[in-house]
Amino acid sequence: VRAGQVDLQKLFPKLYLKNRSKDSNRLDVFKNTSLFGNYFWNKNIELHVDLDRFVMYKDLSLVNLDLSAKLKDNKLRADIDTLFAGGKVDLALDADLDKDGRFWVNAGMDARGVVVGDILDEIDIKNLLSDLPTDAEVYVQANGRDLSELMQTVTGPVKVYSVGPGYAYADVVAYMYGTDFL
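Residues numbered from 1 in each chain as written. Predicted model: local features only at pLDDT ≥ 70, side-chain atom pairs only at ≥ 80, totals over all residues. Heavy atoms only, no water.

**Some remarks on the packing of aromatic side chains**
Stage number 1. In this structure the tally under the stated criterion is two aromatic pairs.
Stage number 2. Here Phe36 and Tyr39 contribute two aromatic rings whose centre-to-centre distance is 5.8 Å and whose plane-to-plane angle is 45°, an arrangement assigned as tilted.
Stage number 3. Tyr39 sits in the exposed class, given a relative accessible area of 54%.
Stage number 4. Geometrically, the ring pair formed by Tyr167 and Tyr169 is edge-to-face, given 4.8 Å between the ring centres and 80° between the ring planes.
Stage number 5. When its relative accessible area of 30% is taken as the criterion, Tyr169 is described as partly exposed. (Phe/Tyr/Trp six-rings, centres within 6.5 Å; stacked < 30°, edge-to-face > 60°. Buried < 20%, exposed > 50% of the residue type's maximum accessible area, 1.4 Å probe, protein only.)

Written out as structure tokens, the structure is:
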């Protein structure tokens, strides 16, 4: 599959609107979303996706996304190389699929130079942080039949650290310390 731009909000507008909570302003688009493991049991699939831009939410995007995945004998291997918020991200995933449709996942991610201020700009959050390039190393295990189960079982080390300067605006300082911290 080769495409210029894929925008999830344009592909699934009702899904994005339906799952927006009016009270909390949270976006729970993927809550309880099936991984469709029962459909993949005993299937052999090879997939390669090359996208110029994959828009996930507002302007939050993966750029130059290269995804390769192979499912054979109920074992999945997926590799992703992409650019995100000014940095480079590499992700590798191995998963076993059981006959009940549950994925047992081991995943690792290495991210270099991802700029927190760019992420906030892309999701339209202003006056908190600017700049702040970061690196991340993630090695996790999880299992589940849907995204909620998968996220509830995630365990493993996650290291995120700054590799350059950033600026905290008054709004974030007030949030962290209150407005009477002098």
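Right, picking up where we left off after that structure.
**What to know about the environment of Asn143**
Stage number 1. Among the secondary structure elements, Asn143 is positioned in strand E8 (residues 133–144).
Stage number 2. Note: C-alpha distance between Asn143 and Trp104 (39 residues apart in sequence) is 4.4 Å.
Stage number 3. Those residues in contact with Asn143 that lie beyond four places of it in its chain are Arg102, Phe103, Trp104, Glu149, Leu150 and Thr153.
Stage number 4. Looking at Asn143, its side chain comes within polar contact range of the side chain of Arg102, at 2.6 Å. (Helix = DSSP H or I, 4+ residues; strand = E, 2+ residues; numbered from the N terminus. Contact = heavy atoms within 4.5 Å. Polar contact = N/O pair within 3.5 Å; in protein donor to acceptor, adjacent residues only side chain to side chain.)

**Overview of a nonpolar patch on the surface**
Stage number 1. A cluster of nonpolar side chains, namely Val1, Ile45 and Leu47, defines an oily patch on the protein surface of about 260 Å² accessible area.
Stage number 2. With respect to the secondary-structure elements, Ile45 resides in strand E2 (residues 45–57).
Stage number 3. Look at Ile45 and you get partly exposed, because its relative accessible area is 34%. (Patch = residues over 30% accessible without salt bridge, like charges linked within 9 Å, V, L, I, M, F, W, Y side chains within 5 Å. Areas by Shrake-Rupley, 256 points an atom, 1.4 Å probe, with all protein chains shown as cover. Salt bridge = Lys/Arg side-chain N within 4 Å of Asp/Glu carboxyl O.)

**Regarding the pairing of E8**
Stage number 1. Within E8, nine of the 12 residues are buried, leaving the element largely enclosed by the surrounding structure.
Stage number 2. Relative to E8, strand E6 (residues 103–115) runs antiparallel, the two sharing 11 bridges. Bridge pairing links Gly108 to Tyr139 in E8.
Stage number 3. Judged from the five bridges that link them, E8 and strand E9 (residues 158–162) form a sheet pairing that is antiparallel. Bridged to Asp135 within E9 is Tyr161. (Pairing = 2+ DSSP bridges.)

**Here we look at the pattern of salt bridges**
Stage number 1. Following the criterion strictly, the structure yields 15 salt bridges and no others.
Stage number 2. Here Arg2 makes a salt bridge to Asp50, at a shortest N to O gap of 3.8 Å. Of the two residues, Arg2 sits in strand E1 (residues 2–7) while Asp50 sits in strand E2, which places them 48 residues apart along the sequence.
Stage number 3. Of the residues examined, Arg2 reaches a relative accessible area of 52% and is grouped as exposed.

**Let's talk about the side chain of Ser61**
Stage number 1. Counting through the fold element by element, Ser61 comes out in strand E3 (residues 60–72).
Stage number 2. At a separation of 2.9 Å, a polar atom in the side chain of Ser61 contacts the main-chain carbonyl oxygen of Asp59.
Stage number 3. Those residues in contact with Ser61 that lie beyond four places of it in its chain are Arg53, Phe54, Val55, Met56, Leu83, Phe84 and Glu122.

**Topic: the sheet that holds E3**
Stage number 1. Read from one edge to the other, the open sheet built from eight strands follows the order E1-E2-E3-E4-E5-E6-E8-E9, with strand pairing classed as mixed. The open sheet is flanked by E1 and E9, the only strands paired with a single partner. Going across the sheet, the axis of each strand differs from the next one's by a mean of 15°, ignoring polarity.
Stage number 2. One ladder, built from 11 bridges, connects E2 with E3; its direction is antiparallel. Bridging from a neighbouring strand, Arg53 pairs with Val63 of E3. (Axes fitted to C-alpha atoms, helices over the stretch in contact; angles between N-to-C directions.)

**A closer look at the side chain of Asp146**
Stage number 1. Relative to the helices and strands, Asp146 is located in the loop between E8 and helix H5 (147–152).
Stage number 2. Summary of buried charges: Asp146 has no salt-bridge partner, and the nearest side chain of opposite charge, Arg145, is 6.5 Å away.
Stage number 3. A distance of 2.7 Å separates a polar side-chain atom of Asp146 from the backbone nitrogen of Glu149.
Stage number 4. For Asp146, the residues in contact, after removing those within four places along its chain, are Asn32, Thr33, Ser34 and Leu35. (Lys, Arg positive; Asp, Glu negative; His and termini not counted.)

Purely spatial values, then, with no claim about function.
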